[in-house]
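# Architecture and fold: a report
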Amino acid sequence: MKLWGGRFRKAEDQIMEEFNSSLDIDRRLYFEDITGSIAHVNMLTACEILTEDEGQKILDGLKSILSDIEDGRLKVEGDYEDIHSFVEVNLIERIGEVGKKLHTGRSRNDQTAVDTRMYTRKKAREVIDVLVTLKESLKKTADENPVIMPGYTHLQRAQVITFKHHLMAYYEMVSRDIKRVENALENMDENPLGCGALAGTTHDINREMTTKELGFSKAKANMMDGVSDRDYLIELSSAFAVLMMHLSRLSEELILWSSQEFDFIEIDDAYSTGSSIMPQKKNPDAAELIRGKTGRVYGALMSLLTVMKGLPLTYNKDMQEEKEIFFPALDNTISCVKIMSHMIETLKVKEESMKRAVKKGFLNATELADYLVKQGVPFRDAHGIVGNIVIYCENNEKGIEDLTVEELKTFSSDIGDDIYDYIDYENILKKGTKVELL
Ligand code: ARG
């Protein structure tokens, strides 16, 4: 079952075979491996390196392997070193001697490079799709809930905002996340197939042909870079790390908001779980898992950077580890974005509870200071005056808007009857947060 037995006098130790095998990880590349091989064979035939008849037999064999895998007749398993060995050995078993010509002018080094790149490209596009859906969910829930709520700094009530404004901040973040993935996709759009082991091949191959057939814009300019470049996995992991950081911040807010302490939202039952002992519990597990998985995606970025650090050119077996690191990060990113979309779309906003919180946080204090500024009081002095009013309110368990003008005037004679319009929460919102612009 080995592709390279010739120069060996002794069999590989079984423990080494298990250690070396990547089939468990790279079996998911079967489609790209076969598609890449088909493009390679088409090219070899067009360049007359294979005869028409040889090319056709190999193509038929590859296609039958692909359909057998897809229909479940052939399981991608067994004592194979990797997906490349699996396909080639199966091909030779099916079509005999001519199958041994498949690997002409090619190495597993450019093969794994092209397979992984094509698979990753497909999945990165899926990441963009789920991010676009998340943006839509955020926008929809935001539009449906232009309700008043406290905005925070230092997790202390700060100024009045709307839930819509808050959610649309995440919409902006996700828009940038999409750009980062698109940018990585653009950078990785180069075909490494044809770079061979590291120095190309003396066969007169046509790299433009496979480049076109496999949907790349250009062939890798430098063969050694072609087989060594894993930048795209790092760039994507970095984009995923940033987007997971955004999801994690949003998760944290959902967790806080759904607590009894905040009581601002209710996460749908479908994305919550209960407790095996405490019957009353409804836990925000989905948000917590997203927050937790963020750490794993960060870990993938650091692992990939570390695997590549100090590797001499060109291919080194270390690189096989990258798939084992990157694929789970990719899977987790996609499932987290999906779950977040569902959670956002189905959550219920507790409008009354948010309003109550607004009333309790002196969220119109800044606007009272601004009012004084309009009467000619320097801002720093206005700030001090309002600070004193806040202490007075705290002592009397009142909001600023509950004070009479007489009470207010004891702090500053510049305060007049028109003050209530200025410190009315809805009025502040209309002037300040420009909700209509979002
Ligand atoms: N399974 C290997 C990987 O994923 C394929 C390339 C092996 N090449 C080699 N010369 N051993 O990296």
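Just so you know, these numbers come straight off a predicted model, no measurement behind them.

## With respect to the overall build of the protein
A tally of regular secondary structure across the protein gives 18 helices and 6 strands. Relative to its length of 438 residues, the protein is extended, with a C-alpha radius of gyration of 31 Å against a globular reference of 22 Å. For the protein, the spread of C-alpha atoms along the principal axes amounts to about 100 × 50 × 35 Å. Each of the 438 residues in the protein was classed as buried or not, and the buried ones make up 38%. Long-range contacts, defined as pairs at least 24 residues apart, comprise 77% of the intrachain contacts of the protein with a sequence gap of at least 6.

## Here's the deal with the packing of helix α3 (residues 30-46) against helix α4 (residues 52-70)
Relative placement of two packed helices is described by the angle separating their axes and the distance separating the axes. One way to put it is that α3 packs onto α4 with a least axis distance of 9 Å and a crossing angle of 170°. The orientation of α3 relative to α4 falls into the category roughly antiparallel. Of α4, the residues touching α3 (which contributes Y30, I34, S37, I38, V41, L44 and T45) are E52, G55, I58, L59, L62, I65, L66 and I69. Its residues assigned to classes, the contact of α3 with α4 comprises 11 nonpolar, 3 polar and 1 charged.

## Side note on the UniProt feature "domain: Fumarate lyase N-terminal" (unreviewed entry) in the protein
Cross-referencing UniProt, the feature "domain: Fumarate lyase N-terminal" (unreviewed entry) maps to residues 6-299 in the present numbering. Secondary structure content for residues 6-299 is 60% helix and 6% strand, and the end C-alpha separation is 40 Å.

## Considering the site of the ligand
In the vicinity of the ligand, the contacting residues are S22, D26, D82, R108, N109, T112, Y315, K317, M319 and Q320. Element by element, the count of residues in the shell around the ligand is highest for helix α6 (residues 108-144), at 3 residues. Tallied by class, the residues present in the shell around the ligand amount to 2 nonpolar, 4 polar and 4 charged. Among the domains, domain 1 (5-101) and domain 2 (120-148 + 163-194 + 218-352) are the pair contributing at least three residues each to the shell around the ligand.

## Concerning helix α7 (residues 163-187)
For α7, with 25 residues, the first-to-last C-alpha span of 37 Å sits near the 36 Å given by 1.5 Å per residue. On the buried face of α7, the contacting elements are α6, β1 (148-153), β2 (156-162), α10 (231-257), β6 (348-349) and α13 (351-360).

## Some details on the confidence of the model for the protein
For the protein, the average pLDDT comes to 95, and 98% of its residues sit at 70 or higher. On the interface metric, ipTM, the complex scores 0.96, and its pTM is 0.94.

## A word on the pairing of β2
With 6 bridges connecting them, β1 and β2 associate as antiparallel partners. Each residue of the ladder has a partner; that of Y152, found in β2, is R157. Counting the residues in the hairpin turn of β1 and β2 gives 2 residues, including H154, whose phi is positive at 55°.

## Quick word on the domain arrangement of the protein
Examined at the domain level, the protein breaks down into domain 1 (5-101), domain 2 (120-148 + 163-194 + 218-352) and domain 3 (365-422). Computed over C-alpha atoms, the centres of domain 1 and domain 3 are 79 Å apart.

Parameters and conventions
Residues numbered from 1 in each chain as written. Predicted model: local features only at pLDDT ≥ 70, side-chain atom pairs only at ≥ 80, totals over all residues. Helix = DSSP H or I, 4+ residues; strand = E, 2+ residues; numbered from the N terminus. Rg over C-alpha atoms; globule rule 2.2 N^0.38 Å. Buried ≥ 20, exposed ≤ 12 C-beta atoms within 10 Å, placed from the backbone. Contact = placed C-beta atoms within 7 Å. Axes fitted to C-alpha atoms, helices over the stretch in contact; angles between N-to-C directions. Parallel < 35°, antiparallel > 145°, perpendicular 65-115°, else oblique. Nonpolar A, V, L, I, M, F, W, Y, C, P; charged D, E, K, R; others polar. UniProt positions renumbered as here; feature names shortened; annotations may be inferred. Near = placed C-beta within 6 Å. Domains from an automatic or database assignment. Expected span 1.5 Å × (residues − 1). pLDDT = per-residue confidence, 0-100. Pairing = 2+ DSSP bridges.

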